[in-house]
Structures are given as C-alpha cells and as structure tokens.
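Chain and residue survey
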Amino acid sequence: SRPDALPRDLVGLRIVVSAGGTREPLDPVRYLGNRSSGKQGYALARTAAARGAEVTLVSAHTLPLPEPAGVAVVRVDTAEQLREAVHTAAEAADVVVMAAAVADFRPAERAEYKIKKTGRDPEPVALVRNPDVLAELVEARRARPDRKDQLIVGFAAETGDSGSDVLDHARAKLARKGCDLLVVNAVGEGKAFGTEDNSGWLLSSDGTEVPIALKSKSQMSTEVWDTVANMLGSARR
Ligand code: CTP
Ligand code: CA
C-alpha cells in the first residue's frame, strides 16, 4: 500500500471514524467488554487520511495498533464517552463511520468500591440499555438542515440464525438504523473479530447491495471509501 498510489479524492472532507470496543464498568477495576480489535476502524481512518480527508478517530479499546498517520485520535473508554466524542466531532463532519463495537448494555450500578466476595452467593448483575449512537446520529441529522448532506455509515457483524440469514438481518438493521450505508461482515467460522480479513456486503439505503469478497481490512477500507466517494459525488451532481 503506497500512499502516493492512492487517489486524493477525499480532500476537503471532514470524516469521523469510531473504532474499538467500549468497556462498561462494574466497579473501579472491572468492566463488561468485547473482543473488538479496532483494526477495521483504524484501517478506515488511515486510508481516509491517505486519500486526503481530515480525519478524527474516536478510539475505544483496541489491540495495540499503530496510530494512523495524519489522524486526530480521541481516546474513549465507555459507550457514554464514545457517544459524547462522536457527537462533538460529528457536528462539522461530512461523513461519520461507526465501526466501533459499542456495548448494547451497561451495568445499572457502578460500585464505588471494588466489589468484595462474601460468604453468600453473588447477586445477579442488572443491566440497562446504552444509547444507540448510530441511530442518534441519523436523528441529529434529521433535526439539522445544515447537516442534510452528511453521510452516515454503520457496521454490522452478523452470523444469521436458524430463522434467517446474514443478509436478512443486515437489511432489517439498515432499515432500523436509517443510515446511508451499512457495511456487513459475515462472522462466525473464524471470520472477522481480530482476524486480518473481512467478507460481506455493502448495503445502501437506495437498495444497492454489493457483495465484498474476502479481503484485507485495508482493501475493505478502500471499497468503503470508493463507495462513499461515489455516493457523495452523485449527491452533489
Ligand atoms: N451502534 C451504536 N450504538 C450502540 C450499538 C451499536 O452506534 N449502542 C452502532 C455500531 O457502531 C454499528 C451499528 O450500530 O455501526 C450496528 O451495531 P450492531 O451491534 O450490529 O447493531 P445493534 O443495533 O446493536 O443490534 P444487535 O447487536 O442486536 O445485532
Ligand atoms: Ca449491538
């Protein structure tokens, strides 16, 4: 990947990418977390910057990854912090990509002190829902005429189940979220989480469905930015 071989087609665009997994505290030393590596979000940020965009990367927890060159990195811990950072950066953004694995739930209580084991059986952990940042971004755009050209991209890792397959779940998610583009990863069977390669589909709100073959996360990023550049181009025409 020679940066000088990339098109400079994202010059002048302000892009926000979220990456990694949030951690939801139980007490000062424990949390509920997930296995997001952050690799896809970092690859997206790096590629966008190399193609000329002004990129803010809102990074939750990731494996150790090199800081992408020329990218402003904002580090966050919890879903609530990620939400604040993404909404702030999204104010002036042309494109927002939610590649982060945001915890759907958090412990209802955060113990002030480390939870001690007692002689009794442990209490169950009560959970409450976290806000859906992606859905909020779509809502914020709807409420703000100056943001109507903002492009909002979601990610979905789907396994399918006995009732319906990966694409059914993904189409329903695209409709539910109201974003412009949904990057769908087929997971399970050793795919995605923490691996180098992704495979799946790019689903657009206009009904376009483009399958993506097994590729590196960097090649996947290229496909995403090609599609975004296309969508922005046809919106402006
Ligand atoms: N997302 C978000 N805020 C949340 C949960 C998810 O912004 N609280 C975003 C993710 O960053 C991703 C998209 O929503 O871009 C889809 O996430 P996913 O977990 O696949 O969808 P959910 O709506 O949470 O549905 P489920 O986990 O039940 O499949
Ligand atoms: Ca989820």
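Only a predicted model underlies this, so the values are computations on that prediction, with no experimental measurement involved.

The subject of this paragraph is the overall build of the chain. Scanning the chain from terminus to terminus reveals 5 helices and 12 strands. Taking 2.2 N^0.38 as the reference for a compact globule, 237 residues should give roughly 18 Å; the C-alpha atoms of the chain span a radius of gyration of 18 Å, in line with that estimate. Along the longest, intermediate and shortest principal axes, the C-alpha atoms of the chain span 70 × 40 × 40 Å. Burial statistics for the chain: of 237 residues in total, 43% are counted as buried.

Right, let's talk about the site of ligand 1 for a bit. Every one of the 15 residues lining ligand 1 counts as a neighbour, but Met 98, Ala 100, Leu 134, Lys 173 and Lys 177 are closest to it. At 2.8 Å from an oxygen atom of ligand 1 is found a main-chain nitrogen or oxygen belonging to Leu 134. Between Lys 177 and ligand 1, the recorded distance is 2.8 Å, taken from a side-chain N or O atom to an oxygen atom. For ligand 1, whose free accessible area comes to 570 Å², the fraction covered by protein is 76%. Where the shell around ligand 1 is concerned, the elements lending two or more residues are helix H3 (133–143), strand E9 (151–158) and helix H4 (166–177).

This next bit is on the packing of helix H2 (residues 79–90) against H3. The interhelical angle for the contact between H2 and H3, taken along N-to-C directions, is 30°, at an axis separation of 11 Å. On the basis of the axis angle, H2 is roughly parallel to H3. As for how H2 packs across H3, the hand of that crossing is right-handed. Contacts from Leu 82, Arg 83, Val 86, His 87 and Ala 90 in H2 reach Val 133, Glu 136 and Leu 137 in H3. Of the residues that constitute the contact of H2 with H3, the class distribution is 5 nonpolar, 1 polar and 2 charged.

Around the calcium ion (ligand 2), the protein contributes the donor atoms Asp 104 (OD) and Asp 104 (OD), which lie 2.4 to 2.5 Å from the metal centre. Secondary-structure assignment places Asp 104 in the loop between strand E6 (95–98) and strand E7 (105–107).

In this model H2 runs 16 Å from its N-terminal to its C-terminal C-alpha over 12 residues, within 8% of the 16 Å that 1.5 Å per residue would give. Among all positions in H2, only Ala 79, Leu 82, Ala 85, Val 86 and Ala 90 are buried. Looking straight down H2, one finds that the buried residues subtend no more than 130° of arc, so they occupy a single side. Buried residues along H2 sit against strand E1 (14–19), strand E2 (24–27), strand E4 (54–59), strand E5 (71–75), E6 and H3.

This part covers the pairing of strand E10 (residues 181–186). Extensive coverage of E10 is indicated by the burial of 6 of its 6 residues. Covered by surrounding structure in E10 are Leu 181, Val 183 and Asn 185 together with Leu 182, Val 184 and Ala 186, the residues of both alternating faces.

Moving on, we get to the UniProt feature "binding site: CTP" (unreviewed entry) in the chain. UniProt records the feature "binding site: CTP" (unreviewed entry) for Asp 104, Lys 114, Pro 131, Asp 132, Val 133, Leu 134, Phe 155, Lys 173 and Lys 177 in the present numbering. The greatest C-alpha distance among the annotated residues, which extend across 74 residues, is 37.7 Å, indicating that they are dispersed rather than converging on a single site. Locating Asp 132 in the fold gives a position in the loop between strand E8 (127–129) and H3. In terms of polar contacts, Asp 132 uses its side chain to reach the backbone amide nitrogen of Ala 135, at 3.0 Å. Positionally, Val 133 belongs in helix H3.

Mapping Arg 120 onto the fold places it in the loop between E7 and E8. Taking the relative accessible area as the measure of exposure, Arg 120 reaches 63% and is therefore exposed.

Another point: the confidence of the model for the chain. On average, residues of the chain carry a pLDDT of 92, and 92% of them reach 70 or more. Taken over the whole predicted complex, pTM reads 0.94, whereas the ipTM for its chain interfaces reads 0.99.

Parameters and conventions
Residues numbered from 1 in each chain as written. Chains lettered and ligands numbered in written order. Predicted model: local features only at pLDDT ≥ 70, side-chain atom pairs only at ≥ 80, totals over all residues. Heavy atoms only, no water. Helix = DSSP H or I, 4+ residues; strand = E, 2+ residues; numbered from the N terminus. Rg over C-alpha atoms; globule rule 2.2 N^0.38 Å. Buried < 20%, exposed > 50% of the residue type's maximum accessible area, 1.4 Å probe, protein only. Near = heavy atom within 4 Å. Polar contact = N/O pair within 3.5 Å; in protein donor to acceptor, adjacent residues only side chain to side chain. Areas by Shrake-Rupley, 256 points an atom, 1.4 Å probe, with all protein chains shown as cover. Axes fitted to C-alpha atoms, helices over the stretch in contact; angles between N-to-C directions. Parallel < 35°, antiparallel > 145°, perpendicular 65-115°, else oblique. Left-handed = near helix turned anticlockwise from the far one by under 90°. Contact = heavy atoms within 4.5 Å. Nonpolar A, V, L, I, M, F, W, Y, C, P; charged D, E, K, R; others polar. Donors = N, O, S within 2.8 Å, 3.2 Å for Na, K, Ca; no water. Expected span 1.5 Å × (residues − 1). Arc of directions from axis to C-beta. UniProt positions renumbered as here; feature names shortened; annotations may be inferred. pLDDT = per-residue confidence, 0-100.

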